[in-house]
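# Per-entry structural report
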Amino acid sequence: MNKFELCCIGHITLDKVVTPKSTVHMPGGTSFYVSSAILHLKGIDYSLVTAVGASEMAVVDELRAKGVRVTVHPSAHSVCFENIYGENQNNRTQRVRAKANPFTVEQLKDTEANIFHLGALLADDFSPEVVKYLAGKALVSVDSQGYLREVRDTQVYAIDWKGKKEILKYVHFLKANEHEMAILTGYTDVRLAAGQLAGWGVREVLITLGDMGSILYDGNVFYRIPAYLPHEIVDATGCGDTYMAGYLYQRARGVGMEEAGRFAAALSTLKIERSGPVQASCEDVVRCMQTRKQRMP
């Protein structure tokens, strides 16, 4: 049985992305954006576990053809998101047209990795039992956004994470943006929010602040990570997932938190300059870090 350095678990979605400049239909979801980013960065042993309907099997076949190792579990439907952006790409309106089946412990018994990144798109994608089970095998990484989404008649509403204190003690890496951290902790101050999340058991807290950079916290030290300014803002969909791909890629390789955060920030800058997943090499990311103007949080 292969043990991967990094394994992402999550649904591949069918996305409709509406911006002031265009309307595009494309595959999406954390698992798709993370897999696409790692594919171009190379250098670590990576796998994807997903569950999709028949409509997205072509995307799985394409990822496999490019060299991504994918395990697929059947689902009655794929998740279908509609993301609508205005001129400010930090804000979006979301609708969910269809949902996929949640992941189960039984599906993941033969999956081994050093780090599991759970790409939850909706609050019920991963039960507490699944998180606890995976934490018994490896470090668990979570993007909080999916746990804070509730669907009512296709509309997506921000909710608090039910049972968060029970689950977060099993989470090593947690990412939240400034809106999500406020919902989770009740704090709008980044340092207070990060401190609360660490107090609940998270070992590495990542707070992203859009074009204002990001703050990382390991329970002792706060790291200020700059935003690298893009040449052009094209599509912000998947930027948070791309940030986590860059961060976990570096952490899986033994790179420290601050350097990993800077790498992640630069990778997400390269993503926002294009529609669809980032297609940047490590050399592209380093060049971005060396040449772009920076904005410190």
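Described below are features of the structure shown in this document. Being a predicted model, the structure only gives us computed values, none of them experimental. (Residues numbered from 1 in each chain as written. Predicted model: local features only at pLDDT ≥ 70, side-chain atom pairs only at ≥ 80, totals over all residues. Heavy atoms only, no water.)

### Details of the overall build of the protein
This is how it is decided: The way it works is that DSSP assigns letters per residue, a run of H or I at least four long becomes a helix, a run of E at least two long becomes a strand, and they are numbered from the N terminus. This radius of gyration counts C-alpha atoms alone. The globule rule is 2.2 Å times how many residues there are, raised to the power 0.38. Throughout, exposure labels follow a simple rule: accessible area from a 1.4 Å probe, protein chains only, divided by the maximum for the residue type, with under 20% read as buried, over 50% as exposed, and the rest as partly exposed. Note on contacts: a residue pair is in contact if any heavy atoms of the two residues lie within 4.5 Å. Asp and Glu are treated as the negative residues and Lys and Arg as the positive ones, with His and the ends of the chain left uncounted. Lysine's charge is taken at NZ, arginine's at CZ, aspartate's at CG and glutamate's at CD.
A tally of helices and strands in the protein yields nine helices and 17 strands. For a compact globule of 297 residues, the expected C-alpha radius of gyration is about 19 Å, and the protein comes in at 17 Å, within 12% of that figure. Along the first, second and third principal axes, the C-alpha set of the protein runs to 45 × 45 × 40 Å. For the protein, buried positions account for 53% of its 297 residues. Here the analysis covers contacts within the protein between residues at least 6 apart in sequence; of these, 64% occur between residues at least 24 apart. Computed over 33 positive and 33 negative side-chain charges, the separation of the two mean positions in the protein equals 2 Å.

### Comments concerning the pattern of salt bridges
Spelled out, the test is: Salt bridges are identified by distance alone: a Lys or Arg side-chain nitrogen within 4 Å of an Asp or Glu carboxyl oxygen.
Taken as a whole and judged by the stated rule, the model has 12 salt bridges. The partner of Arg251 in a salt bridge is Glu204, and the shortest N-O contact between them spans 2.7 Å. You can see Arg251 sitting in helix H7 (residues 239-252) and its partner Glu204 sitting in strand E13 (residues 204-208), a full 47 residues away along the chain. In this structure, Glu273 engages Arg292 in a salt bridge whose closest nitrogen and oxygen atoms are separated by 2.8 Å.

### Re the nonpolar core
The test is simple: Throughout, nonpolar core names a set of buried Ala, Val, Leu, Ile, Met, Phe, Trp, Tyr and Cys residues whose side chains join them through atoms within 4.5 Å.
In terms of nonpolar packing, the biggest core is built from 51 residues, with Ile12, Ile38, Leu41, Tyr46, Leu48, Tyr247 and Val285 touching the most fellow members. At the level of secondary structure, the elements contributing two or more residues to this core comprise strand E1 (3-10), helix H1 (30-41), strand E4 (46-52), helix H2 (57-66), H7, helix H8 (257-272) and helix H9 (282-291). A per-element tally of this core places H8 first, with nine residues. Aside from chain neighbours lying at most four places away, what touches Val285 is Leu41, Phe263, Ala266, Leu267, Leu270 and Ala280. With 39 residues, the next largest nonpolar core counts Val49, Ala51, Val190 and Leu197 among its residues.

### Considering the state of the cysteines
As a reminder of what qualifies: The rule for a disulfide is simple: a pair of cysteine sulfur atoms within 2.5 Å.
Counting across every chain of the model gives zero disulfides. Cys7 provides the cysteine sulfur closest to Cys8, a residue in no disulfide bond, and the two sulfurs are 7.1 Å apart. Among the cysteines around Cys239, which has no disulfide bond, Cys288 carries the closest sulfur, lying 12 Å off. A relative accessible area of 15% means that Cys239 is categorised as buried.

### Focus on the packing of aromatic side chains
Between two aromatic rings, the relevant description is the distance of the centres plus the angle of the planes. How we decide: Two aromatic rings, drawn from Phe, Tyr or Trp (for Trp, its six-membered ring), form a pair once their centres lie within 6.5 Å of each other, and the interplanar angle then sorts them: stacked below 30 degrees, edge-to-face above 60, tilted otherwise. Lysine NZ or arginine CZ positioned within 6 Å of the ring centre and within 35 degrees of the ring normal marks a charge as sitting over the ring.
Tallied over the full model, the rule gives six aromatic pairs. Their ring planes at 15° and their centres at 4.0 Å tell us that Tyr147 and Trp161 sit as a pair that is stacked. Highlighted residues: Tyr147 in the loop between strand E9 (139-143) and strand E10 (149-152) and Trp161 in the loop between strand E11 (155-158) and helix H4 (164-168), separated in sequence by 14 residues. Residues Tyr147 and Trp161 agree in their burial class; the two are buried. For the ring pair Tyr249 and Phe263, a centre distance of 5.8 Å and an interplane angle of 25° mean the geometry is stacked. With Tyr249 in helix H7 and Phe263 in helix H8, this residue pair connects regions lying 14 residues apart in the sequence. Given the relative accessible area of 2%, Tyr249 is considered buried. Just above the ring of Phe222 sits the side chain of Arg191; from NZ or CZ to the centre is 4.5 Å.

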